[in-house]
Amino acid sequence: EAQVTQNPRYLITVTGKKLTVTCSQNMNHEYMSWYRQDPGLGLRQIYYSMNVEVTDKGDVPEGYKVSRKEKRNFPLILESPSPNQTSLYFCASSLSIDQGRYGYTFGSGTRLTVV
Amino acid sequence: SQQGEEDPQALSIQEGENATMNCSYKTSINNLQWYRQNSGRGLVHLILIRSNEREKHSGRLRVTLDTSKKSSSLLITASRAADTASYFCATDLYNQGGKLIFGQGTELSVKP
């Protein structure tokens, strides 16, 4: 089944403890992106990647890192999580951004709580 | 204000009625997309309309795009209780590397 898989689904952690949220897609998509969703603020893009080894900042990149060493994986790294990073996180992928023809496929989300 | 703004914020209708949601945006776009989200879950892509298209259909969904007014509408015909969800428009900005900007969403409730 074509899908974007995020892990974990739920995570409670403490301030300052490094964590990684994994994202993997099995559709050979070139484009991958991370969003966070917060009440009243909607979905905001954190980082995106147009292809392997090509990543760039979105609207709210502070406090996050990403890497794209393989086409299928796009992990989100929080080196030193803080309570303001408590949010619902989504990974999404798209076949390509060529002329904007394709929609995104979203993962099921990771609900992160930082205490 | 946001690139994508949706109206209304919430809509409550009876099963069988039509639901119309509107989206306005500010800058040039490659395309506009509509997504659906069930509470706390991932977004599901519904339909994409390109900037040179004016209307598109998919099943019970009808999307229109008016680039002169920078607005779009999503019509769900003959609604069902299972259509209850939040609906988001997302604009794929011209020359922005595929970045999608999401609106705040319309919360649709369809009562049986």
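Now for a description of the structure that goes with this document. (Residues numbered from 1 in each chain as written. Chains lettered and ligands numbered in written order. Predicted model: local features only at pLDDT ≥ 70, side-chain atom pairs only at ≥ 80, totals over all residues. Heavy atoms only, no water.)

Take the overall build of chain A next. Counting its secondary structure elements, chain A contains zero helices and eleven strands. Each helix and strand of chain A, placed in order from N terminus to C terminus, yields the pattern β-β-β-β-β-β-β-β-β-β-β. Relative to the 2.2 N^0.38 estimate, which gives 13 Å for 115 residues, the radius of gyration of chain A is 13 Å and therefore close to what a compact globule would have. Seen along its three principal axes, the alpha-carbon backbone of chain A occupies a region of about 40 × 30 × 25 Å. (Helix = DSSP H or I, 4+ residues; strand = E, 2+ residues; numbered from the N terminus. Rg over C-alpha atoms; globule rule 2.2 N^0.38 Å.)

Right, let's get into the pattern of salt bridges. In total, this model carries seven salt bridges over all chains according to the counting rule given. One salt bridge in this structure joins Glu-79 of chain A and Lys-65 of chain A, with 2.9 Å as the shortest N-O distance. Within this pair, whereas Glu-79 of chain A is found in the loop between β8 (76–78) and β9 (87–94), its partner Lys-65 of chain A is found in strand β7 (residues 65–66), the two being separated by 14 residues in sequence. We classify Glu-79 of chain A as partly exposed; its relative accessible area is 37%. By relative accessible area, Lys-65 of chain A is classed as partly exposed at 41%. Ionic pairing is found between Asp-83 of chain B and Arg-60 of chain B, a salt bridge with its closest N-O pair at 2.9 Å. Of the two residues, Asp-83 of chain B is situated in the loop between β8 (71–76) and β9 (85–93) and Arg-60 of chain B in the loop between β6 (55–58) and β7 (61–66); the sequence distance between them amounts to 23 residues. Take Arg-60 of chain B: its relative accessible area is 22%, and that puts it in the partly exposed class. Taken together, the shared-partner salt bridges in this structure form one network comprising Lys-18, Lys-65 and Glu-79 of chain A. (Salt bridge = Lys/Arg side-chain N within 4 Å of Asp/Glu carboxyl O. Buried < 20%, exposed > 50% of the residue type's maximum accessible area, 1.4 Å probe, protein only.)

What follows is about the interface of chain B and chain A. Tallying the contact residues gives 22 residues for chain B and 23 residues for chain A. Taken together, the links from chain B to chain A amount to zero salt bridges. Looking at the side of chain B that touches chain A, the elements that each hand over two or more residues are β4 (29–37), β5 (43–50), β9 and β10 (100–102) of chain B. At five residues, β4 of chain B tops the list of elements feeding residues into the side of chain B that touches chain A. Here the side of chain B that touches chain A is built from residues that sort into seven nonpolar, eleven polar and four charged. (Contact = heavy atoms within 4.5 Å. Nonpolar A, V, L, I, M, F, W, Y, C, P; charged D, E, K, R; others polar.)

Residue and element names in this part refer to chain A. Evaluated as defined, the whole model comprises two disulfides over all chains. With a sulfur-sulfur separation of 1.9 Å, Cys-23 is cross-linked through a disulfide to Cys-91. Here the disulfide of Cys-23 and Cys-91 is left-handed, its torsion about the S-S bond being about -70°. Taken together, the positions of Cys-23 in strand β3 (residues 19–25) and Cys-91 in strand β9 put the pair 68 residues apart, joining distant regions of the chain. Note on Cys-23: relative accessible area 2%, which makes it buried. (Disulfide = S-S within 2.5 Å.)

Residue and element names in this part refer to chain A. Reading across from one edge, β1-β3-β8-β7 is the order of the four strands in this open sheet, with antiparallel pairing throughout. Looking at which strands have only one partner, the edges of the open sheet turn out to be β1 (4–7) and β7. Summarising the sheet, β7 and β8 pair through two bridges and their orientation is antiparallel. Within β8, the position partnered with Lys-65 by the bridge is Ile-77. (Pairing = 2+ DSSP bridges.)

Our focus in this paragraph is the nonpolar core. Judged by nonpolar contacts, the single largest core of 22 residues is most densely connected at Met-21, Leu-32, Trp-34, Leu-74, Ile-76, Tyr-87 and Leu-108 of chain B. Mapped onto this core, the elements with two or more residues apiece are β3 (19–24), β4, β5, β7, β8, β9 and β11 (106–111) of chain B. Sort the elements by how many residues they give to this core and β9 of chain B lands first, with four residues. With residues near it in sequence (within four places) discarded, Leu-32 of chain B still touches Cys-23, Tyr-25, Ile-47, Leu-48, Ile-49, Leu-65, Ser-72, Cys-89, Ala-90 and Thr-91 of chain B. Formed by 19 residues, the second largest nonpolar core is a distinct cluster that contains Val-21, Ile-46, Phe-74 and Leu-112 of chain A. (Core = buried A, V, L, I, M, F, W, Y, C linked by side-chain atoms within 4.5 Å.)

Quick look at unusual backbone geometry now. The residue after Asn-7 of chain A, namely Pro-8 of chain A, is reached through a cis peptide bond having omega -5°. Considering the arrangement of structural elements, one finds Pro-8 of chain A in the loop between β1 and β2 (10–13). For the bond running from Asp-7 of chain B to Pro-8 of chain B, omega is -5°, close enough to zero to count as cis. Mapped onto the fold, Pro-8 of chain B is located in the loop between β1 (5–7) and β2 (10–14). One non-glycine residue, Asn-28 of chain A, lies in positive phi territory at about 60°. The residue Asn-28 of chain A is located in the loop between β3 and β4 (31–38) in this model. By relative accessible area, Asn-28 of chain A is classed as exposed at 52%. One non-glycine residue, Lys-70 of chain B, adopts positive backbone phi at about 50°. Tracing the backbone through its elements, the reader meets Lys-70 of chain B in the loop between β7 and β8.

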